[in-house]
Amino acid sequence: MALVRHSGTAGAVELSFGTVKRIAVCAILFAMPTRSSVAPTLSKSSRADSLAEEPRVREAMDSFKKNLGWIAEQQARLTEIPAPSFHEEKRAEAVKSLLASEGLSVHQDQIGNVIGELRGATDKEVVLIAAHLDTVFPADTEIRVKREGERVFAPGISDNGTGLAGLLALARAIHEARIKPQRTILFAANVGEEGEGNLRGMRALIDSYRVKLRAVIVLDGSSIDHVTTKALASRRLEVVITGPGGHSWSDFGIPNPINALVRGSVRFINTKVPAAPRTTFNIGQIEGGTSVNSIPYEAKLKVDLRSENEDEIVRMENALRECMAAGVRDEMDNSRERGRGKLEWTMQVIGSRPGGELPADSALLAALRAADEAVGNKSRLERSSTDANIPLSMGIDAIALGAGGSGGGAHSLQEWYEPAGREVGLKRALLTLLAVAGLAPERSK
Ligand SMILES: [Zn+2]
């Protein structure tokens, strides 16, 4: 993507989108008379620390410690409100009032995203920080947060309980320190990240703000040992096979959709995928049939394909189509009563996440690196499938970060979270956010 230079409005301290040098240099300028007299003498570490040393920012960072109990409470409370993709309403309602109590002007868009706005010195440019509301767990999953020592257990506690708690923690820290950003910051709790949500919440946010959007920071999960800067492309497909159906005894010999699906699936899972570029497939769901003594009239299969190279996804999609066609053909050829009914089948895309990559020289990555340095963290760059896929695929700077602490067992009923180290994660996210949003010269009222 092309990097655009943005100059601050008159009188404002400029935190431009040029380079790390400019961000760090400008950040230190609050107390300095002119840029040129300062810039050449800055050492590398003083650049990284400069934003963290600004009094307002320090105040905001210090507030995390005192709020740790509150943050953990919100995490547990929100996690216990069921929020499967497409049914995030109740959790959204709770986040909405929490963001409003942190001084943000909050609204909900048509598809249910909650957006809390912190008006900057200019609202011509915005920075979006987002955490997804939804979970992979069906509405009837029992969600009760259980504690064992330092560890808390609950489905969704880390993914994305940590991200949502982090979003609230950042809003509260900025509010308490009365920080007014240069660019408007949008705190969003978005719908539809998981599974068949297909990133619909983030797609809608990008649609609404695209023209003004300078950077997107996604808070997802806990760990801060990595940062997602590369978007893993994926495609999800559904195969549906239908037939006449009948009685297991009296109609034996008519083609059976489940048999066809199994025949096709066995062919498909024998398809070779390369280790590099890393390419994966998963048959994640099979449905069909009505009873053990009925020949089913329908069978369904859902498959997830991912690859570091989108060409491999296309190849695997073609392989799935050919294998399923062959499975249906095999079943027809082997049915004694094939004259009594034919199998039909369809394959359709139920999800598609585009790939993309944050440029190595982007201001956002520089901000993250400086934040890592300031908090003494090291993180590796990773490729993953997150809400950041959408902005990255459109050339908008975006990263996905863990919001601190550690977690495991994501997408399982044994999911857990430990808060040790949460503060470091929050400081890292705050410094990254403020570096790209910039600080207005005055505090907020
Ligand atoms: Zn997540």
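A quick note: this is a predicted structure, and the numbers were derived from the prediction, not measured.

Draft legend 1. Focus on the overall build of the protein chain. Scanning the protein chain for helices and strands turns up 11 helices and 19 strands. Burial status across the protein chain gives 55% buried among its 445 residues. Within the protein chain, contacts between residues separated by at least 24 positions form 79% of all contacts whose residues are at least 6 apart in sequence. For the protein chain, the computed accessible surface area is about 19,100 Å², with 51% contributed by carbon and sulfur atoms.

Draft legend 2. Layout of the confidence of the model for the protein chain. Looking at the protein chain, pLDDT values average 90 and 89% of them are 70 or higher. Note that pLDDT drops below 50 for residues 1-48; the model gives that stretch 82 contacts with residues more than four away or on any other chain.

Draft legend 3. Quick look at helix α3 (residues 55-79). Given a rise of 1.5 Å per residue, 25 residues ought to cover 36 Å, and the 34 Å separating the end C-alpha atoms of α3 matches this to within 8%. At N67, α3 shows its maximal bend, which comes to roughly 65°. N-cap assignment for α3: the residue whose side-chain oxygen lies 2.9 Å from the backbone N of R56 is E54.

Draft legend 4. View of the pattern of salt bridges. Counted under the stated rule, the structure contains 27 salt bridges. One salt bridge connects R56 with E54, and the closest N-O pair in it is separated by 3.2 Å. For R56, a relative accessible area of 5% translates into the label buried. Across the pair E423 and K427 runs a salt bridge whose closest N-O atoms are separated by 3.7 Å. Linking E423 with K427, this pair stays in helix α11 (residues 422-437), spanning 4 residues, or about one helical turn. A single salt-bridge network, built from bridges that share partners, covers K65, E423 and K427.

Draft legend 5. Representation of the coordination of the zinc ion in the model. Donor atoms from the polypeptide that coordinate the zinc ion comprise H132 (NE2), D159 (OD), D220 (OD) and D220 (OD), at 1.9 to 2.7 Å from the metal. For the zinc ion, the 4 donor atoms in the first shell make angles of 51 to 150° at the metal, so the coordination geometry reads as irregular. Positions of the donor residues of the zinc ion along the chain correspond to the pattern H-x26-D-x60-D. In this pair, H132 sits in strand β3 (residues 122-132) while D159 sits in the loop between β5 (151-153) and α5 (161-176), placing the two residues 27 residues apart along the sequence. Residue H132 shares its accessibility class with D159, and that shared class is buried.

Draft legend 6. Examining helix α4 (residues 89-101) more closely. With 13 residues, α4 should cover 18 Å at 1.5 Å per step; its first-to-last C-alpha distance of 19 Å lies within 8% of that length. Every buried residue of α4 is listed here: R91, A92, A94, V95, L98 and L99. For α4, the angular spread of buried residues about the axis comes to 160°, placing them on one side. Buried-residue contacts for α4 involve α3, β1 (105-108), β2 (114-118), α5 and β6 (183-190). Following α4 by one or two positions, G103 has its phi on the positive side, about 80°.

Draft legend 7. Main features of the packing of α5 against α11. Contact geometry for α5 and α11: axes closest at 10 Å, N-to-C directions at 60°. Here α5 is positioned oblique relative to α11, judged by the angle of their axes. By crossing handedness, the relation of α5 to α11 is classed as right-handed. Within the contact between the two elements, α5 uses T162, A165, G166, A169, L170 and I174 and α11 uses R422, L426, A429, L430, L433 and L434. A class-by-class count of the residues in the contact of α5 with α11 yields 9 nonpolar, 2 polar and 1 charged.

Draft legend 8. Layout of the sheet that holds β5. Spatially, the 4 strands line up as an open sheet ordered β4-β5-β19-β18, and their pairing is antiparallel. What marks the edges here is a single partner per strand, and that holds for β4 (146-148) and β18 (406-408). Across the sheet, the mean angle from the axis of one strand to that of its neighbour is 20°, orientation sign disregarded. Sheet topology note: the β18/strand β19 (residues 416-418) ladder contains 3 bridges and is antiparallel. Bridge pairing in β19 places G407 opposite Y417.

Draft legend 9. Just the packing of α3 against α5, in detail. Axis separation between α3 and α5 bottoms out at 8 Å; the angle between their running directions is 140°. The two elements α3 and α5 meet at a crossing, and its hand is right-handed. Between α3 and α5, the contacting residues are E59, A60, S63, F64, K66, N67, W70, I71, Q74, Q75, L78 and T79 on the first element and G161, T162, L164, A165, L168, A169, L170, R172, A173 and E176 on the second. By residue class, the composition of the contact of α3 with α5 is 11 nonpolar, 7 polar and 4 charged.

Rules and cut-offs
In every chain, residue numbers begin from 1 and rise along the written sequence. Totals for whole chains, interfaces and linings use every residue, but because this is a predicted model, local features are given only for residues with pLDDT of at least 70 and side-chain atom pairs only at 80 or more, for both listing and counting. Side-chain descriptors were evaluated using all non-hydrogen atoms of the structure, hydrogens and water having been removed beforehand. Helix and strand assignments follow DSSP, with helices taken as H or I runs no shorter than four residues and strands as E runs no shorter than two, numbered in order from the N terminus. The cut-offs for exposure are 20% and 50% of the maximum accessible area for each residue type, with area from a 1.4 Å probe on protein chains only; residues under the lower value are buried, those over the upper are exposed, and the others partly exposed. By definition in these notes, contact holds between two residues if any of their heavy atoms fall within 4.5 Å. Computed with a 1.4 Å probe, the accessible areas rest on the Shrake-Rupley method; for each residue, only the protein chains presented here act as cover. Across the chain, each position has a pLDDT score giving the predictor's confidence in that residue, from 0 to 100. Expected span of a helix, by definition, is 1.5 Å for each gap between consecutive residues, and there is one gap fewer than residues. Consider a residue and the seven residues that end there alongside the seven that start there; fitting an axis to each set, the bend is the angle between those axes. For this analysis, a polar contact is any N or O atom pair within 3.5 Å, provided that within protein one partner can donate a hydrogen and the other can accept it, and provided that sequence-adjacent residues contribute only side-chain to side-chain pairs. One side-chain nitrogen of Lys or Arg within 4 Å of one carboxyl oxygen of Asp or Glu is enough to make a salt bridge. Nitrogen, oxygen and sulfur within 2.8 Å of a metal are treated as its donors, or within 3.2 Å for sodium, potassium and calcium (Na, K, Ca); water is not counted, so a site can appear incomplete. In short, tetrahedral needs four donors with all angles between 85 and 135 degrees, square planar needs four and octahedral six donors with opposite donors over 155 degrees apart and all other angles between 65 and 115, and whatever is left is irregular. Each C-beta atom gives one direction from the helix axis, and the arc is the one those directions make. Under this scheme, a helix contributes an axis fitted over its contacting stretch, all axes are lines through C-alpha atoms, and angles between N-to-C directions fall in the 0 to 180 degree range. Relative orientations are named as follows: roughly parallel for angles under 35 degrees, roughly antiparallel for angles over 145 degrees, roughly perpendicular for angles from 65 to 115 degrees, and oblique for any other angle. A clockwise turn of the near helix away from the far one marks a right-handed crossing, whereas an anticlockwise turn of less than a right angle marks a left-handed crossing. By the convention adopted, Pro, Cys, Tyr, Trp, Phe, Met, Ile, Leu, Val and Ala count as nonpolar, Lys, Arg, Asp and Glu as charged, and the other residues, Gly among them, as polar. Think of it this way: DSSP has to see at least two bridges between two strands before they count as a pair.

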